[in-house]
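Overview (structure and organization)
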Amino acid sequence: MVDAGPLNAYVDADDRHHDECLGLLEGHPGPLVVPVLVVTEVAYLLESRLGTEAEVRFLGDFAAGNLLAEPVAAADWLRIAELVSTYRDLPLGTVDASVVAVAERRKISSLATLDRRHFSVVRPSHAPAFDIVP
């Protein structure tokens with residue numbers, strides 16, 4: 001499962017996490033799951049900060065099969081709302097809550113994120129905690 005931070009960093013060569021995120025994402029053996037709300041967030045951020053070329057490069061990774069866009073299922077929305085409410089003091093937010101909900105549904109406990117502040121606090125229902133990388 002991949003959150004927005006590593007996806008932004010691997011595209012942006014000037015990001016201080018670029019090398020480690022590029023290595024992590026290129027070294028993973030299979031497609032990486034990305035919730036569609038994260039896809040939208042990253043595409044917007046890349047286009048607004050780095051331009052259309054960066055957004056196109058990112059989208060190309062989905063076309064190549066390197067990244068797998070995971071829809072938010074109908075049942076995930078209730079869990080997203082529950083997580084946003086439970087962790088309102090962080091605040092967690094809808095996009096990060098969608099990462100948790102999709103990870104729970106797919107039983108994924110390994111999470112690529114640069115957002116340790118949020119994801120080290122959240123307790124997924126399927127595991128004691130997320131295994132956060134890098």
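Check the entry above for the structure.
Computed from a predicted structure; not experimentally measured.

Counting its regular elements, the protein chain contains seven helices and four strands. When the elements of the protein chain are put in sequence order from the N terminus, they spell out α-α-β-α-α-β-α-α-β-α-β. Each of the three principal axes of the protein chain carries a C-alpha extent, and together these read 35 × 25 × 25 Å. A total of 134 residues make up the protein chain; the buried ones form 46% of that total.

Right, let's talk about the packing of aromatic side chains for a bit. Considering all chains together, one arrives at two aromatic pairs under this definition. With 5.2 Å between their ring centres and 90 degrees between their planes, Phe58 and Phe62 make a pair best called edge-to-face. Taken together, the residues Phe58 and Phe62, both in helix α4 (residues 52-63) and four residues apart, mark about one turn of the helix.

What follows deals with the pattern of salt bridges. Scanning the entire structure with this criterion turns up five salt bridges. Ionic pairing is found between Glu82 and Arg79, a salt bridge with its closest N-O pair at 2.2 Å. Linking Glu82 with Arg79, this pair stays in helix α5 (residues 74-86), spanning three residues, or about one helical turn. Using a relative accessible area of 42% as the deciding quantity, one classes Glu82 as partly exposed. Salt bridges sharing common partners tie together Glu70, Asp76, Arg105 and Arg106.

Our next topic: the pairing of strand β1 (residues 32-35). Alternating positions in β1 separate into two faces, Leu32 and Val34 on one and Val33 and Pro35 on the other, with burial throughout. In terms of strand pairing, β1 meets strand β2 (residues 67-70) through four bridges, oriented parallel. Across the sheet, residue Val34 finds its bridge partner in β2, namely Ala69.

On to the packing of helix α1 (residues 4-11) against helix α3 (residues 36-50), then. Direction vectors running N to C along α1 and α3 enclose 35 degrees, while the axes themselves pass 10 Å from each other. For α1 against α3, the interelement crossing comes out right-handed. The segment α1 lies against α3, with Ala4, Leu7, Asn8 and Val11 engaging Val38, Glu41, Val42, Leu45, Leu46 and Leu50.

What follows deals with the nonpolar core. In terms of nonpolar packing, the biggest core is built from 41 residues, with Met1, Leu7, Tyr10, Val34, Phe58 and Leu67 touching the most fellow members. Of all the secondary structure elements, the ones that give two or more residues to this core are α1, α2 (18-27), β1, α3, α4, α5, α6 (94-106) and β3 (110-112). Here the element with the most residues in this core is α6; it accounts for six residues. Non-local contacts of Tyr10, meaning those with residues more than four positions away in its chain, are made with His18, Cys21, Leu22, Leu25, Arg57, Phe58, Asp61 and Leu67.

Bringing the side chain of His17 into the picture now. Relative to the assigned elements, His17 resides in the loop between α1 and α2. Under the relative-accessibility criterion, His17 is labelled buried at 18%. Residues in contact with His17, not counting those within four places in the same chain, are Ala9 and Leu114.

Criteria and thresholds
Residues numbered from 1 in each chain as written. Predicted model: local features only at pLDDT ≥ 70, side-chain atom pairs only at ≥ 80, totals over all residues. Heavy atoms only, no water. Helix = DSSP H or I, 4+ residues; strand = E, 2+ residues; numbered from the N terminus. Buried < 20%, exposed > 50% of the residue type's maximum accessible area, 1.4 Å probe, protein only. Phe/Tyr/Trp six-rings, centres within 6.5 Å; stacked < 30°, edge-to-face > 60°. Salt bridge = Lys/Arg side-chain N within 4 Å of Asp/Glu carboxyl O. Pairing = 2+ DSSP bridges. Axes fitted to C-alpha atoms, helices over the stretch in contact; angles between N-to-C directions. Left-handed = near helix turned anticlockwise from the far one by under 90°. Contact = heavy atoms within 4.5 Å. Core = buried A, V, L, I, M, F, W, Y, C linked by side-chain atoms within 4.5 Å.

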